[in-house]
Amino acid sequence: ADAPILVTGGAGFIGSHACKALSLAGFLPVVIDNLCTGHGDSVKWGPFYELDVRNSLAVADVISRHDIRHVMHFAASAYVGESVRNPGKYYQNNIGGMQALLDACVTAKVENLIFSSSCATYGIPESQPIREDSPQNPINPYGRTKLIGEQMIRDYAHAYGIKYATLRYFNACGADPDGELAERHDPETHLLPLAMLAAAGLHDELQIFGTDYATQDGTCVRDYIHVDDLAHGHVAALQHLLDGGASLALNLGSGKGHSVLQVLEEIENVTGRKVPARFAARRPGDPPVLTADPSLAAEVLGFHTLHSSMAQIIRDAAPFFGLSKKEAQNA
Ligand code: UFG
């Protein structure tokens, strides 16, 4: 039988794409998700338990019932802006959730843990692109909870012999190239979805947050990685641990930076639709530039992004944001 993998947050954007990648690689994803932001109809490749990760006893029970040895932990709150306004939610869900999960892993004798961390743990890095040994000084509560999560895993790993892969994502975007899964956030705050909705006339004009950053055109630069690449990065990290590889922390990014204005321009190039936009104030908690040095993941996992050109990201996501696939492909 396929080896079962517990996927917390498996009904969410990145978690659901990881479930598909796991299934294609011959694993059985066993999902727990409290559906506070996830979608039950995104769980398609294995059993589903509607369960909060903070319910440590129930989680340990699921792990034992399915004889699970390996866990991918996605369940978390993940809005930078909200974390600035409502830090308690982030400490409860992300730190409380992590501790409950780690305790369940110890109880149920889990061997390998893969954790969704973030480039937000680097804060405002001194140099770009960012290597894994860059200092981690997060500038918002979300980033702090991800950094603390990394540290908690290391402490538990040391005490109980659990192995781990901490994966620091850059900006996840795009959608399943087969169209089976989409990005669906409520509220939607991410740049690419909002810009496409605005281009389709389904949302107000886009606000460009900050035009006076020290970047080529004054707008923030991010490293956008296709969610399908990200999903395969998780499978590669799991395989690394299963093959006897050591615990590690890795960036998962494309290694390329796009400014907000460059993203809008690419949407116009690919879809032929203009993104209505206006300049607005900076959004608190936003670092000016975040781009990955992806070479360690390439070296250790053989991980390379295959779908992360901005054009493909836009083509795969466009149909879910009111822009027809045909429109996206004609360009
Ligand atoms: N932006 C706008 N207008 C918008 C939305 C976003 O100008 O309406 C800008 C932001 O200021 C930022 C860029 O577009 O410069 C990307 O913003 P997103 O909200 O799409 O993504 P973030 O970079 O803020 O956040 C993402 C993930 C987090 C992760 C973070 C790391 O959502 O989980 O990357 O920086 F931690």
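Residues numbered from 1 in each chain as written. Predicted model: local features only at pLDDT ≥ 70, side-chain atom pairs only at ≥ 80, totals over all residues. Heavy atoms only, no water.

Trainee: Which parts of the structure should I look at to understand the packing of aromatic side chains?
Mentor: The way to describe two aromatic rings as a pair is by their centre distance and the angle between their planes. Per the stated rule, a full pass over the model turns up two aromatic pairs. For the pair Tyr90 and Tyr142, a centre-to-centre distance of 6.4 Å together with 90 degrees between the ring planes defines the contact as edge-to-face. Of this pair, Tyr90 sits in helix α4 (residues 87–107) while Tyr142 is found in helix α5 (residues 141–160), placing the two residues 52 residues apart along the sequence. Comparing Tyr90 with Tyr142 shows no difference in burial state: the two are buried. Residues Tyr156 and Tyr160 carry aromatic rings whose centres are separated by 5.8 Å and whose planes lie at 45 degrees to one another, so their mutual orientation is tilted. Residue Tyr156 and its partner Tyr160 are located together in helix α5, separated by four residues, close to a single helical turn. Directly above the aromatic system of Tyr213 lies the positively charged group of Arg282, at a separation of 4.0 Å from the ring centroid. (Phe/Tyr/Trp six-rings, centres within 6.5 Å; stacked < 30°, edge-to-face > 60°. Helix = DSSP H or I, 4+ residues; strand = E, 2+ residues; numbered from the N terminus. Buried < 20%, exposed > 50% of the residue type's maximum accessible area, 1.4 Å probe, protein only. Lys NZ or Arg CZ within 6 Å of the ring centre and 35° of its normal.)

Trainee: I'm lost on the packing of helix α8 (residues 260–271) against helix α10 (residues 310–317) in this one. Help?
Mentor: Two measures define how a pair of helices packs: the angle their axes make with one another and the distance between the axes. The interhelical angle for the contact between α8 and α10, taken along N-to-C directions, is 65 degrees, at an axis separation of 10 Å. α10 is crossed by α8, and the crossing has right-handed handedness. Contact residues: Val263, Glu266, Ile267, Val270 and Thr271 in α8; Met310, Ala311, Ile314 and Arg315 in α10. For the contact of α8 with α10, a count of residues per class yields six nonpolar, one polar and two charged. (Axes fitted to C-alpha atoms, helices over the stretch in contact; angles between N-to-C directions. Left-handed = near helix turned anticlockwise from the far one by under 90°. Contact = heavy atoms within 4.5 Å. Nonpolar A, V, L, I, M, F, W, Y, C, P; charged D, E, K, R; others polar.)

Trainee: How do you make sense of the packing of α4 against α5 when you look at a structure like this?
Mentor: Remark: α4 packs on α5, axes separated minimally by 10 Å, with the N-to-C direction vectors making an angle of 15 degrees. The angle between α4 and α5 places the two elements in the roughly parallel class. You can see that α4 and α5 cross each other, and the crossing is right-handed. Contacts between α4 and α5 pair Pro87, Tyr90, Tyr91, Asn94, Ile95, Met98, Gln99, Leu102, Asp103 and Val106 from the former with Pro141, Tyr142, Arg144, Thr145, Ile148, Gly149, Met152, Ile153, Tyr156 and Tyr160 from the latter. A class-by-class count of the residues in the contact of α4 with α5 yields 14 nonpolar, four polar and two charged. (Parallel < 35°, antiparallel > 145°, perpendicular 65-115°, else oblique.)

Trainee: Explain the domain arrangement of the chain to me, please; I cannot follow it from the model alone.
Mentor: For interface size, the figure often reported is the accessible area lost on association. Each assigned domain of the chain is listed here: domain 1 (3–173 + 224–252) and domain 2 (191–222 + 255–292 + 301–330). Computed from C-alpha atoms alone, the centre-to-centre distance between domain 1 and domain 2 is 25 Å. Contact residues are listed per partner, giving 27 residues for domain 1 and 25 residues for domain 2. With both chains or domains summed, domain 1 and domain 2 bury close to 2100 Å², and 69% of this area falls on carbon and sulfur atoms. Considering only the side of domain 1, the residues that lose the most area to domain 2 are Tyr224, His226 and Asp229, jointly responsible for 35% of the buried surface there. The tally of links between domain 1 and domain 2 comes to zero salt bridges. Secondary-structure elements contributing two or more residues to the side of domain 1 that touches domain 2 are α3 (80–85), β7 (171–173), β10 (224–226), α7 (227–242) and β11 (248–252). Top contributing element to the side of domain 1 that touches domain 2 by residue count: α7, with seven residues. Across the side of domain 1 that touches domain 2, the residue classes break down as 16 nonpolar, nine polar and two charged. (Domains from an automatic or database assignment. Buried area = accessible area lost by both parts, 1.4 Å probe. Salt bridge = Lys/Arg side-chain N within 4 Å of Asp/Glu carboxyl O.)

Trainee: What am I meant to see in the pairing of strand β5 (residues 112–118) here?
Mentor: When a strand is regular, its side chains alternate between the sheet's two faces. Here β5 lies mainly inside the structure; seven of its seven residues are buried. Of the two faces of β5, the one holding Asn112, Ile114, Ser116 and Ser118 and the one holding Leu113, Phe115 and Ser117 are both buried throughout. The pairing of strand β4 (residues 70–73) with β5 spans four bridges and is classified as parallel. By the bridge assignment for β5, Val71 is matched with Leu113. Two elements, β5 and strand β6 (residues 163–169), share seven bridges in a ladder whose sense is parallel. Note that in β6 the partner of Ser116 across the bridge is Leu167. Viewed along the sheet, the connection from β5 through α5 into β6 turns out right-handed. (Pairing = 2+ DSSP bridges. Right-handed = clockwise from strand over helix to strand, strands pointing away.)

Trainee: Please explain the sheet that holds β5 as it appears in this structure.
Mentor: Adjacent strands of a sheet pair through backbone hydrogen bonds, lying either parallel or antiparallel. A sheet is described by the order of its strands in space; here seven strands give the open sequence β3-β2-β1-β4-β5-β6-β11, paired in parallel fashion. Both edges of this open sheet fall to β3 (48–50) and β11, since each of them pairs with a single strand only. Ignoring which end each strand starts from, the neighbouring axes of this sheet average 20 degrees apart. As judged from the five bridges shared by β6 and β11, these two strands associate in the parallel manner. Considered in β11, the bridge of Arg168 is made with Asn251. Most of the contacts of helix α1 (residues 13–24) go to strand β2 (residues 27–33), to which it runs at about 160 degrees, and overall it touches β1 (3–8), β2, β4 and β6. The sheet contacts of α7 involve β1, β2, β4, β5, β6 and β11, and relative to β6 the element is tilted by about 160 degrees.

Trainee: For this particular structure, what's the right way to read the site of the ligand?
Mentor: The local shell around the ligand holds 21 residues, among which Tyr142, Leu191, Gln207, Arg283 and Asp286 are the closest. Note that an oxygen atom of the ligand is positioned 3.3 Å from one of the side-chain N or O atoms of Tyr142. For the ligand, whose free accessible area comes to 680 Å², the fraction covered by protein is 93%. Sorting the residues of the shell around the ligand by element identifies α6 (191–199) and β8 (206–209) as the ones contributing at least two each. Residue contributions to the shell around the ligand peak at four residues, all from β8. Both domains that meet at the shell around the ligand, namely domain 1 (3–173 + 224–252) and domain 2 (191–222 + 255–292 + 301–330), each give it at least three residues. (Near = heavy atom within 4 Å. Polar contact = N/O pair within 3.5 Å; in protein donor to acceptor, adjacent residues only side chain to side chain. Areas by Shrake-Rupley, 256 points an atom, 1.4 Å probe, with all protein chains shown as cover.)

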